[in-house]
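So the chains spell out like this:
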Amino acid sequence: MEITEQLALILEKAVSEANQAESVKEIEAIRVSYLGKKGEITSVLKGMKDVSPQERPIIGKKANEVRDELTAVLQRKKARLEKEALDLKLESETIDVTLPGRQVSKGQSHVLTQIMEEIEDLFLGMGYQIIEGSEVESDYYNFERVNLPQNHPARDMQDTFYITSDVLLRTHTSPIQARTLENHDFSKGPLKMISPGKVYRRDTDDATHSHQFHQIEGMVIDENITMADLKGTLELLARKMFGEDREIRLRPSYFPFTEPSVEVDVSCFKCGGQGCNVCKKTGWIEILGAGMTHPNVLEMSGVDSSKYGGFAFGLGPDRIAMLKYGVDDIRNFYLNDQRFLKQFKRKG
Ligand code: FA5
């Protein structure tokens, strides 16, 4: 049989196989068996060496035609099979866009963040600015600039973690008093600031003490600020945090950076002052330390203490959260137990 006839027959057979193929895989197998290295058309072409030189171009042309046609047939069939497979898949995977979506569970702020934001909102509303400080602080600002010189016995109350002998994790937010005072331009108005943040102490952890906790510092400096202004401000804070009918009381205390100094108690929100286990039968609960800013603190920051004065306070949001929600162990705030934290879902 002539080679050209042989090629025509092979093409016919291959096309009929391609027509019957039902998958892309079969099409590939057909391609390999005809056009692959050891395929039928390839082996016919290998026989060309025995053909006379006159016939060679004719057979060569025919072989190319057959190869091109078969390639085209296989490609068309392959495309059709792929489209059919895709249509089938799409049909079986139809999406009902009218179905309700899956609920994404919403996160929430940590209860201490909530408390701090509540306090920040209150003071922002009264025209205070919020100043953030660094948790890594120098010994100089943490102690000396708030009137606690080297070897002052009151330093013992606030031991901390030292990074070098001069650099430490701050024990309170009070260094922000000095940092803000030295930058404040009193010709532009009074200084009214709060500063929330983390602080650290070498305290042994127990139900009411944590080695890392939070404080919010507050400070107001201007001409003619009195202790009545401090009391009014703190009363507002106590009522905002614990309810409208709360009273506060100031007890004499000592802080090196305020004179006079006070501890501030709020009337017990649980028993209303009658005495219960929350207030240890006293009717009052301590929430913060405060006082009138010591002239030394002002002078060290370059502020004229004969002209300017004011008050400062430092409260512990961790303790406020404990009291507000009746949490009996401060360590609960730091354990990341979702069952505990999820109870404090902020309203609205
Ligand atoms: C101070 O740290 C002063 N800097 C506060 C201050 C500022 C007074 C400005 C006057 C003027 P004190 O050590 O009492 O004070 O801490 C203040 C509050 O931080 C406490 O009332 C308490 O709420 C909280 N606190 C103190 N130690 C811990 C602790 N280990 N764990 C949790 N809260 C604490």
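Small disclaimer: the values here were computed from a predicted structure and weren't measured.

Caption draft 1: Focus on the site of the ligand. Of all residues adjacent to the ligand, which total 26 residues, the nearest are H172, S174, R201, D203 and Q215. Between the ligand and S174, the relevant distance is 2.9 Å, taken from a nitrogen atom to a side-chain nitrogen or oxygen of the residue. A distance of 2.7 Å separates a nitrogen atom of the ligand from a polar atom in the side chain of D203. Protein chains bury 93% of the 680 Å² of accessible surface belonging to the ligand in isolation. Here the ligand occupies the largest pocket. Contributions of two or more residues to the shell around the ligand are made by β5 (212–222), β8 (284–293) and β9 (309–315). Sort the elements by how many residues they give to the shell around the ligand and β8 lands first, with five residues.

Caption draft 2: Quick peek at the pattern of salt bridges. In the structure shown here, the tally under the stated rule is 19 salt bridges. Here K324 makes a salt bridge to E118, at a shortest N to O gap of 3.3 Å. One end of the pair, K324, is in helix α10 (residues 317–325); the other, E118, is in helix α5 (residues 111–125), and 206 residues separate them in sequence. A relative accessible area of 23% means that E118 is categorised as partly exposed. Ionic pairing is found between E286 and R251, a salt bridge with its closest N-O pair at 3.6 Å. In this pair, E286 sits in strand β8 while R251 sits in strand β6 (residues 248–255), placing the two residues 35 residues apart along the sequence. Salt bridges sharing common partners tie together R249, R251, D265 and E286.

Caption draft 3: The pairing of β6, seen in detail. Bridging between β6 and strand β7 (residues 258–267) involves seven bridges; their strand directions are antiparallel. Paired with L250 across the two strands is V264, which belongs to β7. The loop that links β6 with its antiparallel partner β7 comprises two residues.

Caption draft 4: Spotlight on the nonpolar core. Core analysis: the largest hydrophobic core is formed by 43 residues, its most contacted members being L234, L237, L288, F313 and F333. When residues of this core are traced back to their parent elements, those giving at least two are α5, β5, α8 (227–242), β7, β8, β9, α10 and α11 (338–341). A per-element tally of this core places α5 first, with seven residues. One finds I10, L11, I27 and V66 within the second-largest nonpolar core, a separate group that totals 21 residues.

Caption draft 5: Region of the structure containing the layout of surface pockets. Its volume calculated, the largest pocket comes out at about 750 Å³. Along its surface, the largest pocket is lined by 36 residues, and R201, F213, Q215, F255 and G314 are the ones closest to its centre. The set of elements that each furnish at least two residues to the lining of the largest pocket consists of β5, β6, β7, β8, β9 and α10. The element contributing the most residues to the lining of the largest pocket is β8, with six residues. Classifying every residue of the lining of the largest pocket by side-chain character gives 15 nonpolar, 14 polar and seven charged. Volume-wise, the second largest pocket comes out at about 540 Å³. As for the second largest pocket, its lining consists of 19 residues, and the residues nearest its centre are T208, V278, K280, I285 and L323. Among the elements of the structure, β6, β8 and α10 are those that each provide at least two residues to the lining of the second largest pocket.

Caption draft 6: Spatial organisation of the sheet that holds β8. Within the open sheet, the seven strands sit side by side as β1-β4-β5-β9-β8-β7-β6. Their pairing is mixed. Here the strands that pair on one side only, and so sit at the sheet edges, are β1 (129–130) and β6. Where β8 meets β9, five bridges bridge the pair, whose relative direction is antiparallel. Bridge assignment links G291 to a residue of β9, and that residue is A312. Packing against the sheet, α8 makes contact with β6, β7, β8 and β9, and its axis sits at approximately 150 degrees to β8.

Reading guide: rules and limits
- Residues numbered from 1 in each chain as written.
- Predicted model: local features only at pLDDT ≥ 70, side-chain atom pairs only at ≥ 80, totals over all residues.
- Heavy atoms only, no water.
- Near = heavy atom within 4 Å.
- Polar contact = N/O pair within 3.5 Å; in protein donor to acceptor, adjacent residues only side chain to side chain.
- Areas by Shrake-Rupley, 256 points an atom, 1.4 Å probe, with all protein chains shown as cover.
- 1 Å grid on protein atoms, 1.4 Å probe; cavity = no way out; pocket = protein on both sides within 12 Å on 5 of 7 lines; lining within 4 Å.
- Sits in = over half its atoms within 2 Å of the grid points.
- Helix = DSSP H or I, 4+ residues; strand = E, 2+ residues; numbered from the N terminus.
- Salt bridge = Lys/Arg side-chain N within 4 Å of Asp/Glu carboxyl O.
- Buried < 20%, exposed > 50% of the residue type's maximum accessible area, 1.4 Å probe, protein only.
- Pairing = 2+ DSSP bridges.
- Core = buried A, V, L, I, M, F, W, Y, C linked by side-chain atoms within 4.5 Å.
- Points joined across faces, edges and corners; volume = space filled by probe spheres on them.
- Nonpolar A, V, L, I, M, F, W, Y, C, P; charged D, E, K, R; others polar.
- Contact = heavy atoms within 4.5 Å.
- Axes fitted to C-alpha atoms, helices over the stretch in contact; angles between N-to-C directions.

Purely spatial values, then, with no claim about function.
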